Every structure is written in structure tokens, then in C-alpha cells.
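So the chains spell out like this:
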Amino acid sequence: MRLKKIMVLAFVAFVAGYFLACSDSASTLEMDDGIGNIPGYNPAWSASSKETPESSSSGEVVTSSTTPEPSSSAEQEIDFGDSKIQVDGSGVAVITDEYMEAVSDDEALELDDLKQAFDYNEAPSTFTGGDKTRFSVDDFDFSKNEYYCYTESQEWLEISKEKLLETGLPFLWGGSAFESREGFLLSFETPCGSIFIKKN
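Trainee: Describe in detail the state of the cysteines, supporting the description with residues and values.
Mentor: Under the counting rule described, the total for this entry stands at one disulfide. Disulfide pairing places Cys-149 opposite Cys-192 at an S-S distance of 1.9 Å. With the S-S dihedral at roughly -115 degrees, the linkage between Cys-149 and Cys-192 falls on the left-handed side. Taken together, the residues Cys-149 in strand S5 (residues 145-151) and Cys-192 in strand S8 (residues 192-199) connect sequence positions 43 residues apart. Both residues of the pair, Cys-149 and Cys-192, count as buried.

So this is what it looks like as C-alpha cells:
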């Protein structure tokens, strides 16, 4: 009876020891298998050896993804090389009498009568004038009006598109700088005391 109890205790101790040994071995095996099964895991590889993209390590901005700033080009200078008239720093070109047309005697008489009526406020609405002697290019509409210079010596000269173009000023009609015409004025003050406009 006593031998039987010893045998049972020994058997129980053996079984318990066996399960304990298997449990330790299994847990170790599971731990190794679990880490080893993590995709991309490599114990010899560390974060310090990881290659980083050049863009992030250098801190440089990729030029292909940026919008280039427009280059600030200097304004194109207007070429006055073919102009027969000088333009001052404020953009005023003085038109002399050689770039205006003389009128016929009959036309001069008609203009004298119109001016006299104008002086007495009796001129028709189609004839106006004043002391303004500086004009922009856009002030002239030769398709609707005729323009006359009344000189200090009381003579009449016609301001025509054709004669003005003879000046070679590049900001006049069809010129290379016509788009920049707003920055310029035509001055008739040297020969003209006043300018009169006669509607067609």
C-alpha cells in the first residue's frame, strides 16, 4: 500500500515536470516564431542604417514641383532712331509748322469767317476751338474732323494725319510704339496760338 502511494506520487511529479518543461519550451518557440514571422523584420537591421530619400535629407525643394516666378524683364525702350522730332523727358513732342499743311486762299477766307463768328459766339456747332495746344494721339479723329492751327501771325495751317506721320514718331498710327501712345503728347504751341476743329 505504501509502495503504491510512492509510485503514484512519483508518476504525478513526473507528469508535472514534463508539462512544465514542455510549457517553457513551447513559450520560447512561440516567441521566436512570432518575431520571426513579422514581415520585414531583421534583427541585424536598425533604424540608423535605413536609407532616407535625398529630398528629405537634403531639405531641398524639388524644382519640378514648383512654379517658376516670372522673370522681371526691363521695359522695352522705344526706338526714336527714325524720328525727325525730339521727344522730351515728359513725353512731349513739339510739332513744328513744317509738319502741317498750308491751306488754299479760299479755305483761309472761309476759316477767317468761321473764326470771326466764333469770337462773337455766333459760329455753328460744327466749328469749335480753344487755347489747348497739346493733344494725345487719341484726341484726333481724322475721319470725322478737320484740325487747323491758327498761328500767331494769323495764318492757317492744317493738321493732317499724313503730315504728322512724316515726323517718324513711333507712337503715332501704325508705329512700332503705338500701344504706348498714352504716355506721349503732341505739342503745337510753338507755331499755333490756338487750334480749331471743323466737323466734316
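Now that the structure has been shown, the text picks up again.
Trainee: Would you mind going over helix H3 (residues 105-119) in detail, with residue names and values included?
Mentor: Along its 15 residues, H3 runs 21 Å from first to last C-alpha, staying within 8% of the 21 Å computed at 1.5 Å per residue. Buried within H3 are the following residues: Ala-108, Leu-111, Leu-114, Lys-115 and Ala-117. On the buried face of H3, the contacting elements are strand S3 (127-130), S5, strand S6 (156-159) and S8.

Trainee: Now, about the pattern of salt bridges: what can you tell me, with residues and values included?
Mentor: For the structure on display, the rule yields six salt bridges. When the shortest N-O distance is used, the salt bridge between Lys-132 and Asp-139 registers 3.5 Å. For Asp-139, a relative accessible area of 35% gives the class partly exposed. Residues Glu-166 and Lys-163 are paired through a salt bridge, measuring 3.2 Å at the closest nitrogen-oxygen approach.

About the cut-offs
- Residues numbered from 1 in each chain as written.
- Predicted model: local features only at pLDDT ≥ 70, side-chain atom pairs only at ≥ 80, totals over all residues.
- Heavy atoms only, no water.
- Disulfide = S-S within 2.5 Å.
- Helix = DSSP H or I, 4+ residues; strand = E, 2+ residues; numbered from the N terminus.
- Buried < 20%, exposed > 50% of the residue type's maximum accessible area, 1.4 Å probe, protein only.
- Expected span 1.5 Å × (residues − 1).
- Contact = heavy atoms within 4.5 Å.
- Salt bridge = Lys/Arg side-chain N within 4 Å of Asp/Glu carboxyl O.

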